[in-house]
Number of protein chains: 2
Amino acid sequence: MYKFHMPTKIIVGENCVKENESELILGGRALIVTGKTSGKRSGALDDVTKVLEKNKIPYHVYDKVENNPDIESMAEGGKFARECGCDFIIAVGGGSPMDGAKAISVYATNEPKDGSDFELYDIFKGEYKNKPLPMVAIPTTAGTGSEVTPYSILTLHKEKTKKSFTCVDCFFKTAFLDGRYTVNLPLQVARNTVVDAMCHLIEGYTNKKASPSSDYMALEGLRIIGRHLDKLKDGSFDTCSCTELLWASTLGGMVISQTGTTIVHSMGYQLTYFKDIPHGMANGYLLYEYLKRVDKKRMAQCIYALGLEGLGELKEYLEQILPREQDFAEDELIAWSEISIKARNVASCPYPVTKELEIEIYKNSLL
Amino acid sequence: MYKFHMPTKIIVGENCVKENESELILGGRALIVTGKTSGKRSGALDDVTKVLEKNKIPYHVYDKVENNPDIESMAEGGKFARECGCDFIIAVGGGSPMDGAKAISVYATNEPKDGSDFELYDIFKGEYKNKPLPMVAIPTTAGTGSEVTPYSILTLHKEKTKKSFTCVDCFFKTAFLDGRYTVNLPLQVARNTVVDAMCHLIEGYTNKKASPSSDYMALEGLRIIGRHLDKLKDGSFDTCSCTELLWASTLGGMVISQTGTTIVHSMGYQLTYFKDIPHGMANGYLLYEYLKRVDKKRMAQCIYALGLEGLGELKEYLEQILPREQDFAEDELIAWSEISIKARNVASCPYPVTKELEIEIYKNSLL
């Protein structure tokens, strides 16, 4: 038995925000959730505020979403939304603002209080009373796929890792994919994020929960990324190729909505939490060691969809575009395995995973 | 710019109705909309009523949906739903019950009255006040794709054709795809309906509105059908292959939700209206003449996705599985062209269409 559910409307193309005003405006007062730089640099924030002003929709900007936002700051965002009286959210940015917006939308309508029936961490249980605020998403990186998933991945300091919550009310109403917003990304950010999308597609295709409704999306996403591998190396993007990569990343989101990720993601979280290594880069470091252990046929299908000749070529390619700037110590890796072996997506891995195997994968990947 | 929106949750697999009770039950009193035979023969009706009885949900059965239902009988169905106090609909059957359920769901909450602001034919304008009843769908043929489209195609006697209305509220909440319900279809019905799905996929892929979000679905659907062409010829289906074909047909529905159909469909409607030729068979008669006029590359991609060597092989195959039992007169074809040239989907055709061209296609296909 398999299921597919993705209620978000996806609109793809240049100027799609400006040309679809009624899809952007879901209420009478907007909260724009964005990072410190992404919304402005991409030009997306400017497009959004122009449409809101033209339509006389008051708005407030919450631009305090850090990379890998923690749960506490999202509760702050929810408080801000309540205080401003916002009735819908526009998320502008990469995975952090989009995942953050999902948490903010829950906290906005459900005030967390110690000792009440909705405390701060209850968001991870999906237990809240009131419907979250409706939201739209404007991704400014082609990586996360968060614009079409019901997942929000937040930093949880008390468990020293990132942790996800899933909530069907947190699907965005509409996602706007416009390559104009990603074409000026710093090259390394573009690389990291596309590698994240690649990991979603590969982890989905090789996943224990892979099905006919996720497989064809995964291969299509990989074929698109495959056509852009050279551009990802030399940075020769144009708006058109960026829109295509956004679509590939959205396909990745639709895939992992069905399958979830695997240990590439759960092990990567430690690299981000403890070493501040960007999420996609962290996944990219671990991808080869994960992939060489999966079913040979599925592995080969991923490689060929990417237009590569073998797994070794993928390894080389990833080494070329993902620089290594840090050293790792063996005892760190052992400590990280203790945390990551507890992650839920260990169970979606196509082969049995033990702490020892994770240590081996960390070592082979990082030492 | 292209868009994708398909909010229906799809659940695929044997016994998916019984194993997902909470997805089936959307209210406190059900209206089951079905045809005279399909619900019973397929076993789907029995599965549904068992779940409803187990959960003590009262239900009423409206099994008066004829093939190619007309607008008047759908208004009757709406009246029946109102009188019984049903608050949700379970559609069980092929395209007719599913399309019918969409119209009934609108009429159930919006009583049509002559001289009021909602008259019988206003449904085609999509202008009604109250939200239609929520619905789920259980297809018992692998063809229509109606389970994932916002379209309902009804017979309109006053225009002597079939006509569609589109309504985003008419997406089913959930569609249950179980090959157990199609495995015992009469072989010719199975053939006709799969050919309908094939047409959706081909008309979508060669459509003027084809886009990256419809193309990969179309080719995937054609690949699946291609793997079953032999079975469709000799009738050697099993539950598993039937579930695969249901998924292919659902892909066809998702494709035409984005692209619409072309003249194969609008010209086929006359064969159904005037000659009572089953919908899929009617499309199949016209497919070759349509397809030989489209862009060669797109045409070839469809053919190869089906696993065939050339357009001629498709023509032969269709002739083998779709018998011709009626004769047609030239003046009939000319009269039909007068009607079908007015259809909306003429504009989605990848080449210019005139009445003269339609006459030529009719003649080459039927005389």
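Quantities reported herein were computed from a predicted structural model and do not represent experimental measurements. (Residues numbered from 1 in each chain as written. Chains lettered and ligands numbered in written order. Predicted model: local features only at pLDDT ≥ 70, side-chain atom pairs only at ≥ 80, totals over all residues.)

What follows covers the overall build of chain A. Across its full length, chain A holds 15 helices and eight strands. The dimensions of chain A, computed from C-alpha atoms along their principal axes, are 55 × 50 × 45 Å. Looking at chain A alone, contacts between residues at least 24 apart form 81% of all its contacts between residues at least 6 apart. (Helix = DSSP H or I, 4+ residues; strand = E, 2+ residues; numbered from the N terminus. Contact = placed C-beta atoms within 7 Å.)

Time to look at the interface of chain B and chain A. At the junction of the two partners, chain B supplies 18 residues and chain A supplies 18 residues. Those elements that provide at least two residues to the side of chain B that touches chain A are strand 1 (2-12) and helix 7 (212-226) of chain B. Among the residues making up the side of chain B that touches chain A, the classes are represented as eleven nonpolar, three polar and four charged. (Nonpolar A, V, L, I, M, F, W, Y, C, P; charged D, E, K, R; others polar.)

Residues and elements named next belong to chain B. Following both chains from N to C, one finds helix 14 (residues 330-340) and helix 15 (residues 355-366) inclined at 135°, their axes separated by 9 Å at the closest point. By the angle class used here, helix 14 and helix 15 are oblique. The way helix 14 lies across helix 15 gives a crossing that is right-handed. Along its contact with helix 14, which presents Leu333, Ile334, Trp336, Ser337, Glu338 and Ser340, the element helix 15 presents Lys355, Glu358, Ile359, Tyr362, Lys363 and Leu366. Here the contact of helix 14 with helix 15 is built from residues that sort into six nonpolar, two polar and four charged. (Axes fitted to C-alpha atoms, helices over the stretch in contact; angles between N-to-C directions. Parallel < 35°, antiparallel > 145°, perpendicular 65-115°, else oblique. Left-handed = near helix turned anticlockwise from the far one by under 90°.)

Interfaces are often described in size by the accessible area the parts lose on coming together. All names here are of chain A. Taken as a whole, chain A is organised into domain 1 (9-180) and domain 2 (186-366). For domain 1 versus domain 2, the separation of C-alpha centres amounts to 25 Å. Counting residues at the interface gives 27 residues for domain 1, matched by 28 residues for domain 2. At the level of elements, strand 1 (2-12), strand 7 (161-166) and strand 8 (174-177) are the ones that each hand at least two residues to the side of domain 1 that touches domain 2. Taken together, the residues that form the side of domain 1 that touches domain 2 break down as eight nonpolar, 13 polar and six charged. (Domains from an automatic or database assignment.)

On to the packing of helix 10 (residues 263-275) of chain B against helix 11 (residues 279-291) of chain B. Residues and elements named next belong to chain B. The N-to-C vectors of helix 10 and helix 11 enclose an angle of 135°; their axes lie 8 Å apart at closest approach. Looking at the two axes, helix 10 sits oblique to helix 11. Taken as a pair, helix 10 and helix 11 cross one another with a handedness that is right-handed. Contacts between helix 10 and helix 11 pair Ile263, Val264, His265, Met267, Gly268, Leu271 and Thr272 from the former with His279, Ala282, Asn283, Tyr285, Leu286, Leu287 and Tyr290 from the latter.

Relating the two copies of this chain is a rotation about some axis coupled with a shift parallel to it. Once chain B has been moved 0.0 Å along the axis and rotated by 180°, it coincides with chain A to within an RMSD of 0.0 Å. What the rotation and shift describe, once combined, is the action of a two-fold rotation axis. The position closest to the rotation axis in chain B is occupied by the C-alpha of Pro7(B), lying 1.9 Å away. Both copies share a contact surface, since 100% of the interface residues of chain B are interface residues in chain A too. (Least-squares fit on C-alpha atoms with pLDDT ≥ 70 in both.)

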